[in-house]
Amino acid sequence: GVVVQAVQGGDLRLIEQAKVFAQAAAVVGAHGSNLANLVWLQEGAAVVEVHRPANERGPRYNNFWHTAVSLGMRYQFVTAASGFVLTPPQIEEIAGFLAGSLSLSNEKQRHN
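Residues numbered from 1 in each chain as written. Predicted model: local features only at pLDDT ≥ 70, side-chain atom pairs only at ≥ 80, totals over all residues. Heavy atoms only, no water.

K.L.:
Honestly, helix H1 (residues 14-23) in this entry has me stumped. Any pointers?
P.N.:
Residues three or four positions apart in an α-helix share a direction because the helix packs 3.6 residues into each turn. Turning to H1, its buried residues number three or more, namely Gln17, Ala18 and Phe21. Looking down the long axis of H1, one finds its buried residues gathered within 100° of arc, a one-sided arrangement. For H1, the exposed residues lying more than 90 degrees away from the buried face are Lys19 and Gln23. In this structure, the buried residues of H1 make contact with strand S1 (26-30). (Buried < 20%, exposed > 50% of the residue type's maximum accessible area, 1.4 Å probe, protein only. Helix = DSSP H or I, 4+ residues; strand = E, 2+ residues; numbered from the N terminus. Arc of directions from axis to C-beta. Contact = heavy atoms within 4.5 Å.)

Listed below in structure tokens is the structure:
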């Protein structure tokens, strides 16, 4: 089965943050400083960055996308609905992305 763990990075020491992310196969997080921890993820991990709608935020920055793909991770950007809410179709989209990413990751591990 899949273990899901909610993590608030600011509540953890840096070494604890690194350990949590190093053990994760996938991360779903709001755009912000906690996503900087994706540098601890393993190659092939999946990253979903959730952002506020354009009318509720500043410009879109690609720093987490660039970091993720540069380190060999799968990446998806999702713009939340107004009020920073994910709609059922968005949740299904994220779930499909994660399922596909985890399936690819498991397949790669079987061949190594």
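So, next bit.
K.L.:
Which parts of the structure should I look at to understand the environment of Ile94?
P.N.:
For Ile94, the position within the fold is in helix H3 (residues 88-111). Ile94 sits 15 residues away from Thr79 along the chain, and the two C-alpha atoms are 11 Å apart. Apart from the residues within four sequence positions on either side, Ile94 is in contact with Val28, Val48, Gln76, Val78 and Leu86.

K.L.:
Could you clarify how one ought to interpret the packing of aromatic side chains in this entry?
P.N.:
The relative placement of two aromatic rings is captured by the distance of their centres and the angle of their planes. For the structure shown, the criterion picks out zero aromatic pairs. Taking the ring centre of Phe84 as reference, the NZ or CZ of Arg52 above it sits at 4.7 Å. (Phe/Tyr/Trp six-rings, centres within 6.5 Å; stacked < 30°, edge-to-face > 60°. Lys NZ or Arg CZ within 6 Å of the ring centre and 35° of its normal.)

K.L.:
What am I meant to see in a nonpolar patch on the surface here?
P.N.:
On the surface, a cluster of nonpolar side chains totalling about 370 Å² of accessible area is made up of Leu14, Val39, Trp40 and Leu71. Relative to the assigned elements, Leu14 resides in helix H1. (Patch = residues over 30% accessible without salt bridge, like charges linked within 9 Å, V, L, I, M, F, W, Y side chains within 5 Å. Areas by Shrake-Rupley, 256 points an atom, 1.4 Å probe, with all protein chains shown as cover. Salt bridge = Lys/Arg side-chain N within 4 Å of Asp/Glu carboxyl O.)

K.L.:
Would you mind going over the pattern of salt bridges with me for this structure?
P.N.:
Here the idea is simple: oppositely charged side chains can pair when their charged atoms come close. Counted according to the given criterion, the structure contains two salt bridges. Taking the shortest distance from any N to any O, the salt bridge between Arg13 and Glu16 comes out at 4.0 Å. One salt bridge in this structure joins Glu56 and Arg52, with 3.9 Å as the shortest N-O distance. Glu56 gets classed as partly exposed once you look at its relative accessible area, which sits at 29%. Assessed through its relative accessible area of 37%, Arg52 is described here as partly exposed.

K.L.:
Mind showing me how you'd approach unusual backbone geometry here?
P.N.:
Across the chain, the bulk of peptide bonds are trans and the bulk of non-glycine residues have phi less than zero. Non-glycine residue Phe84 carries a positive phi angle of around 60°. For Phe84, the position within the fold is in the loop between strand S3 (74-79) and H3. Judged by relative accessible area, Phe84 falls into the partly exposed class, the value being 31%.

K.L.:
Mind showing me how you'd approach the sheet that holds S3 here?
P.N.:
The pairing of strands in a sheet happens through backbone hydrogen bonds and is either parallel or antiparallel. What the three strands build is an open sheet, ordered S1-S2-S3; its pairing is parallel. What marks the edges here is a single partner per strand, and that holds for S1 and S3. For this sheet, the mean angle separating the axes of adjacent strands, direction not counted, is 15°. Packed onto the sheet, helix H2 (residues 63-70) meets strand S2 (46-51) and S3 and runs at close to 160° relative to S3. (Pairing = 2+ DSSP bridges. Axes fitted to C-alpha atoms, helices over the stretch in contact; angles between N-to-C directions.)

K.L.:
How do you make sense of the nonpolar core when you look at a structure like this?
P.N.:
Grouped together as the largest cluster of nonpolar side chains are 13 residues, with contacts concentrated most on Val27, Leu38, Leu41, Val47, Ala68, Met73 and Tyr75. At the level of elements, H2 and S3 are the ones that each hand at least two residues to this core. What Val27 contacts, discounting residues up to four positions off in sequence, is Phe21, Leu35, Leu41, Ala46, Val47 and Val48. Ala46, Val48, Val50 and Ile94 belong to the second largest nonpolar core, which has eight residues in total. (Core = buried A, V, L, I, M, F, W, Y, C linked by side-chain atoms within 4.5 Å.)

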